[in-house]
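Structural overview
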Amino acid sequence: MFNRRKMLLWGAALAVLPGLCASVPARAEDAVKIGLILPMTGGQASTGKQIDNAIKLYMQQKGDTVAGKKIEIILKDDAAVPDNTKRLAQELIVNDKVNFIAGFGVTPAALAAAPLATQAKIPEVVMAAGTSIITERSPYIVRTSFTLAQSSTIIGDWAVKNGIKKVATLTSDYAPGNDALTFFKQHFTAGGEIVEEVKVPLANPDFAPFLQRMKDAKPDAMFVFVPAGQGGNFMKQYAERGLDKSGIKVIGPGDVMDDDLLNNMGDAALGAVTAHLYSAAHPSAMNKDFVAAYKKAFGNRPGFMAVSGYDGIHLIYEALKKTNGATDGDKLIEAMKGMKWESPRGPISIDPETRDIVQNIYIRKVEKVDGELYNVEFATFEAVKDSGKTKK
């Protein structure tokens, strides 16, 4: 009885003197936990580092509190191995009780986590993986990166209109590579011909034998898709095989010319034309500030994965503002649908029907600017949706 009475008196004191509550430490439910699953090691490590860096930069700029809730990032390295992704997602959801899972460097990783997001009813924010079907695998998936359909269709149309008649294709042998190839062919073969088609392994590919087949086919151009992080090795072997001297130009979605690696590719990359969502040379004031801040913080320029991570954490912050800090998964997803904002890449939005990103796609050419290589934009296609869904 004595203990119960003391507790009642303490409760009454708190009610009369609410200022006392300020001295009570924040409870676990006053924090919002984001489980960030990225490839920080292995062949896709540059993807993970760019996204991690961009999230750190955003939080330095905007603070780590939203709608009265402290934001806590729990970073896990899955090395782009989907079995690891699934295990880590489960641990984050069950043990760490995260409110979001985010990141996902490759499509198999994003797909491995999808059933867990559905079961737990928490948002899965895809900041990298680019296969069209991903958002269809769970009603809780939202994407801030891209789809291969967005860029591959546009470069296919551009190639036909610019007199490219014969193309050899080289794509990584997994779902995004298949998407890139399929959507390119749908648009290019209306006026052009595929003279050679090869697929290379996703993990640790040796491009040399495939490049020789490209050279022997004597195409006007090579359509290339390799995931972010592999473009440097590809271009090194492209130059070693003499393809840069053969007049065979590289075209494709912009992954192969990632800004993160572009400046180290050498003059072999000059003249490559790609369609993509972002260039460090994008001429907006917001992007100039973003590039300057990223360079100051991390010593190198941001690539398209960095801007996808930057926008991913922005989406999470803005959704929490809309829900006044509520972390109910259904409310958060509803808050994200239809959201629009200005990004360093240009204007973007979340399609309320598909939960996929709608964004500008730019045609760019690798040029030397002040002694450095950049993807210089020369044409813009506005508000591009994922044609992999719009045609269904």
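Residues numbered from 1 in each chain as written. Predicted model: local features only at pLDDT ≥ 70, side-chain atom pairs only at ≥ 80, totals over all residues. Heavy atoms only, no water.

**Concerning the packing of helix α2 (residues 45-62) against helix α11 (residues 304-322)**
Put simply, the rule reads: The axes are straight lines fitted to the C-alpha atoms, using for helices just the contacting stretch, and the angles between their N-to-C directions are given from 0 to 180°. To qualify as a helix, a DSSP run of H or I must reach at least 4 residues; to qualify as a strand, a run of E must reach at least 2; elements of each kind are numbered from the N terminus. Angle categories are assigned with fixed cut-offs, so that under 35 degrees is roughly parallel, over 145 is roughly antiparallel, 65 to 115 is roughly perpendicular, and the rest are oblique. Two helices cross in a left-handed way if the nearer one is turned anticlockwise from the farther one by less than a right angle. They cross in a right-handed way if the turn is clockwise. Contacts between residues were defined by any pair of non-hydrogen atoms, one from each residue, lying within 4.5 Å. Following the grouping adopted for this structure description, the nonpolar residues are Ala, Val, Leu, Ile, Met, Phe, Trp, Tyr, Cys and Pro, the charged ones are Asp, Glu, Lys and Arg, and the polar ones are all others, Gly among them.
Look at α2 against α11: their axes get within 7 Å of each other, and the N-to-C directions meet at 45°. Taken together, the axes of α2 and α11 are oblique relative to one another. In the packing of α2 onto α11, the handedness of the crossing is right-handed. Residues Thr47, Gln50, Ile51, Ala54, Ile55, Leu57, Tyr58, Met59, Gln61 and Lys62 of α2 form the contact with α11, whose participating residues are Phe304, Met305, Ala306, Gly309, Tyr310, Ile313, His314 and Tyr317. Here the residues of the contact of α2 with α11 sort into 12 nonpolar, 5 polar and 1 charged.

**Some details on the packing of aromatic side chains**
Put simply, the rule is: Within 6.5 Å between ring centres, the rings of Phe, Tyr and Trp (the latter by its six-membered ring) count as paired, and their orientation is classed by plane angle as stacked under 30 degrees, edge-to-face over 60, tilted in between. Burial here depends on accessible area, computed with a 1.4 Å probe over protein chains only, as a share of the maximum for the residue type. Under 20% is buried, over 50% is exposed, and the range in between is partly exposed. Think of it as a cone above the ring: NZ of Lys or CZ of Arg counts as a charge over the ring if it is within 6 Å of the ring centre and within 35 degrees of the ring normal.
Enumeration according to the criterion identifies 13 aromatic pairs in this entry. Judged by centre distance (5.2 Å) and plane angle (10°), the ring pair of phenylalanine 184 and phenylalanine 188 falls under stacked. Here phenylalanine 184 pairs with phenylalanine 188, and both are found in helix α6 (residues 175-188), just 4 residues apart, close to one helical turn. When sorted by exposure, phenylalanine 184 lands in the same class as phenylalanine 188, which is buried. Ring geometry for phenylalanine 207 against phenylalanine 234: centres 5.4 Å apart, planes inclined by 90°, an arrangement best described as edge-to-face. Taken together, the positions of phenylalanine 207 in the loop between β8 (193-200) and α7 (208-217) and phenylalanine 234 in helix α8 (residues 231-240) put the pair 27 residues apart, joining distant regions of the chain. Note on accessibility: phenylalanine 207 and phenylalanine 234 belong to one class, buried. Chaining the aromatic ring pairs together yields one cluster made of Tyr58, Tyr278, Phe290, Tyr294, Phe298, Tyr310 and Tyr317. The lysine or arginine in question, arginine 301, covers the ring of tyrosine 374, its NZ or CZ lying 3.8 Å from the ring centre.

**Observations regarding the pattern of salt bridges**
The condition that has to hold: Salt bridge, as used here, is a side-chain nitrogen of Lys or Arg placed within 4 Å of a carboxyl oxygen of Asp or Glu.
Within this structure, the stated rule accounts for 17 salt bridges. Of the charged contacts in the structure, one is a salt bridge between lysine 368 and aspartate 267, with a shortest N-O distance of 2.9 Å. Taken together, the residues lysine 368 in strand β14 (residues 357-369) and aspartate 267 in the loop between α9 (259-262) and β11 (273-276) connect sequence positions 101 residues apart. Using a relative accessible area of 47% as the deciding quantity, one classes lysine 368 as partly exposed. Classification of aspartate 267 as partly exposed rests on a relative accessible area of 48%. Arginine 301 is the partner of glutamate 372 in a salt bridge, and the nearest nitrogen-oxygen pair spans 2.9 Å. You can see glutamate 372 sitting in strand β15 (residues 372-384) and its partner arginine 301 sitting in the loop between α10 (285-298) and α11, a full 71 residues away along the chain. The exposure class assigned to glutamate 372 is partly exposed, which follows from its relative accessible area of 28%. Through salt bridges with shared partners, a single network forms among Arg143, Asp356, Asp386 and Lys389.

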